[in-house]
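Architecture at a glance
Next come the chains, spelled out residue by residue.
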Amino acid sequence: MSWLLVALGAGVGAPARYLLDRAIQSWHRTLFPWGTVTVNVLASLVLGLLTGAAGTVSGNLALLAGAGFCGALSTYSAFSYETLRLAGLGARWQAVGNVALTLVAGLGAGALGWWLALSLR
Amino acid sequence: MLAAVALGGILGAEARYGLSRAWVHRPDGFPWSTLLVNLTGCLLIGVLMATLPQLPRPHRLARPFLGTGMLGGYTTYSTFAVEVQQLVRQHRPGTAAGYLAATVLGCAVAVWLAAGLAGRVWQARRSVAPEPAA
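Residues numbered from 1 in each chain as written. Chains lettered and ligands numbered in written order. Predicted model: local features only at pLDDT ≥ 70, side-chain atom pairs only at ≥ 80, totals over all residues.

Describing the overall build of chain B
What counts is decided by this rule: Segments assigned H or I by DSSP are reported as helices when at least four residues long, segments assigned E as strands when at least two residues long, and all are numbered from the N terminus. With C-beta atoms placed from the backbone, a contact is any residue pair whose C-beta atoms sit within 7 Å.
Assigned secondary structure in chain B consists of 5 helices and 0 strands. Each helix and strand of chain B, placed in order from N terminus to C terminus, yields the pattern α-α-α-α-α. If you line up chain B on its principal axes, its C-alpha atoms span 70 × 30 × 20 Å. Look at the contacts in chain B between residues 6 or more apart in sequence, and 77% of them connect residues 24 or more apart.

Spelled out as structure tokens, the structure:
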């Protein structure tokens, strides 16, 4: 059962990442991977909410939305690869900016979600 | 295209979930399974992205299925971010900082090393391959 819930969540999360990334990357003409930043921040916010709400949300929902959806919506491989690509193309400051923004906004979103869930209890 | 991303994402997420169940860590312990997932996922994306341009006719679904789907679904940023925050909350700032540094630096080195090595292997293969007859 738990494997099925993870599959259902990931089956939605991975295509959502692909569609969101494609839409966001088509809105601007820079090399900067705004799409990956957005999906990672969004997924961290939702997983923070779920973690803060642990005990009030069912274990099944945590698997479906957490390990499945958020895990597949967010990606570390694309973040790493795009950072390396920016550096390789000579856009060193954009590579550094990508790491800084992903860390600050992603960790911040996770903490914000957790805090929101606790204060809404 | 979307189906290839979804199917790859499901396979990658199940591999990540399986590893997290096999290697459970305490809430205040070092999240080894997530670190292992992200490090190996970054090694594989480096190999994949150095290999695809070298193939004569890569399948058009190879990148969406293997890269966007499988490796994207396998690796995770959200779990990493929430684990760092939870370690800080559990009064383990040292473990949180070590986990953060190991993930950020380790994954950067992994993708750089893997892409570089795979690129060299392809270059070496080409230089020993017989020249096509004129």
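Once the structure has been displayed, the description carries forward.
Remarks on the overall build of chain A
In plain terms, the rule: Exposure is read from a count of other C-beta atoms within 10 Å of each residue's own; the residue is exposed at 12 or fewer, buried at 20 or more and partly exposed in between. C-beta atoms are placed from the backbone.
For chain A, the helix and strand inventory stands at 5 helices and 0 strands. Counting from the amino terminus, chain A carries its helices and strands in the arrangement α-α-α-α-α. By principal-axis analysis of the C-alpha atoms, chain A measures approximately 50 × 30 × 20 Å. Burial statistics for chain A: of 121 residues in total, 53% are counted as buried.

Quick word on the environment of H91 of chain B
Residue and element names in this part refer to chain B. Here H91 is to be found in the loop between helix 4 (78-89) and helix 5 (93-128). In this structure H91 comes out as exposed when scored by C-beta crowding, with 10 C-beta atoms within 10 Å. The sequence separation of H91 and D28 amounts to 63 residues, and the corresponding C-alpha distance is 8.1 Å.

A few points about helix 5 of chain B
Three- or four-residue spacings in an α-helix give side chains the same orientation, since the helix completes a turn every 3.6 residues. Quick note on the threshold: A helix is expected to span 1.5 Å for every residue after the first.
Taking 1.5 Å of rise per residue, the 36 residues of helix 5 of chain B would be expected to cover 52 Å, and the 52 Å separating its terminal C-alpha atoms lies within 8% of that figure. Each element contacted by the buried residues of helix 5 of chain B is listed here: helix 4 (77-88) of chain A together with helix 2 (32-51) and helix 4 of chain B.

A word on the interface of chain A and chain B
The criterion, for reference: Polar here means any residue outside two lists: the nonpolar Ala, Val, Leu, Ile, Met, Phe, Trp, Tyr, Cys and Pro, and the charged Asp, Glu, Lys and Arg; Gly therefore counts as polar.
Counting from both sides, the interface comprises 37 residues of chain A and, opposite them, 37 residues of chain B. Sorting the residues of the side of chain A that touches chain B by element identifies helix 1 (2-26), helix 2 (34-52), helix 3 (59-73), helix 4 and helix 5 (92-120) of chain A as the ones contributing at least two each. Ranked by residues supplied to the side of chain A that touches chain B, first place goes to helix 1 of chain A with 10 residues. Here the residues of the side of chain A that touches chain B sort into 21 nonpolar, 15 polar and 1 charged.

Concerning the nonpolar core
To keep it simple, the criterion reads: Note on terminology: a nonpolar core is any set of buried Ala, Val, Leu, Ile, Met, Phe, Trp, Tyr and Cys residues joined through C-beta atoms within 7 Å.
Counting residues in hydrophobic clusters, the biggest one holds 67 residues, and the most contacted among them are V6, A43, V46 and L73 of chain A together with C42, I45 and V111 of chain B. In this view, I45 of chain B contacts S77, S80 and Y81 of chain A together with G67, L71 and V111 of chain B; residues no more than four positions away in its chain are not counted.

A few points about the environment of S2 of chain A
Tracing the chain through its elements places S2 of chain A in helix 1. Counting along the chain gives 62 residues from S2 of chain A to L64 of chain A, while the straight-line C-alpha distance between them is 8.2 Å.

Focus: the confidence of the model for chain B
Applicable threshold: On a range of 0 to 100, pLDDT expresses the predictor's confidence in each residue.
Averaged over every residue, the pLDDT of chain B is 94; the share at 70 or more is 96%. As scored by the predictor, the complex reaches a pTM of 0.94 and an ipTM of 0.95.

Some remarks on the environment of L112 of chain A
Residues and elements named next belong to chain A. Positionally, L112 belongs in helix 5. You can call L112 partly exposed: it has 18 C-beta atoms within 10 Å. It is 12 Å that separates the C-alpha atoms of L112 and A43, two residues lying 69 residues apart in sequence. Ignoring sequence-local partners within four residues, the contact set of L112 consists of L45 and G48.

What to know about helix 3 of chain A
Within helix 3 of chain A, 11 of the 15 residues are buried, leaving the element largely enclosed by the surrounding structure. Regarding helix 3 of chain A, the residues found buried are L63, L64, A65, G66, A67, G68, F69, C70, G71, A72 and L73 of chain A. Turning to helix 3 of chain A, the residues buried within the fold contact helix 1 and helix 2 of chain A together with helix 1 (2-22), helix 3 (62-74) and helix 4 of chain B.

Notes on the packing of helix 2 of chain A against helix 5 of chain A
Residues and elements named next belong to chain A. For clarity, the threshold we go by: To obtain each axis, a line is fitted to C-alpha atoms, and for helices this fit is confined to the stretch in contact; angles are then taken between N-to-C directions over 0 to 180 degrees. Roughly parallel means an angle under 35 degrees; roughly antiparallel, over 145; roughly perpendicular, 65 to 115; everything else is oblique. A clockwise turn of the near helix away from the far one marks a right-handed crossing, whereas an anticlockwise turn of less than a right angle marks a left-handed crossing.
For the pair helix 2 and helix 5, interaxial distance at closest approach is 6 Å and the crossing angle is 25 degrees. Judged by the inter-axis angle, helix 2 sits roughly parallel to helix 5. In this structure, the crossing between helix 2 and helix 5 has a hand that is right-handed. Of the residues in the contact of helix 2 with helix 5, the class split is 16 nonpolar, 9 polar and no charged.

Quick notes on the packing of helix 5 of chain A against helix 4 of chain B
Between helix 5 of chain A and helix 4 of chain B, the shortest axis-to-axis distance is 8 Å and the interhelical angle comes to 65 degrees. Of the two elements, helix 5 of chain A crosses helix 4 of chain B, and the hand of that crossing is right-handed. Facing G106, L107, G110, A111 and W114 of chain A of helix 5 of chain A, the residues of helix 4 of chain B in contact are A81, V82, V84 and Q85 of chain B. Considering only residue class, the contact of helix 5 of chain A with helix 4 of chain B consists of 6 nonpolar, 3 polar and no charged.

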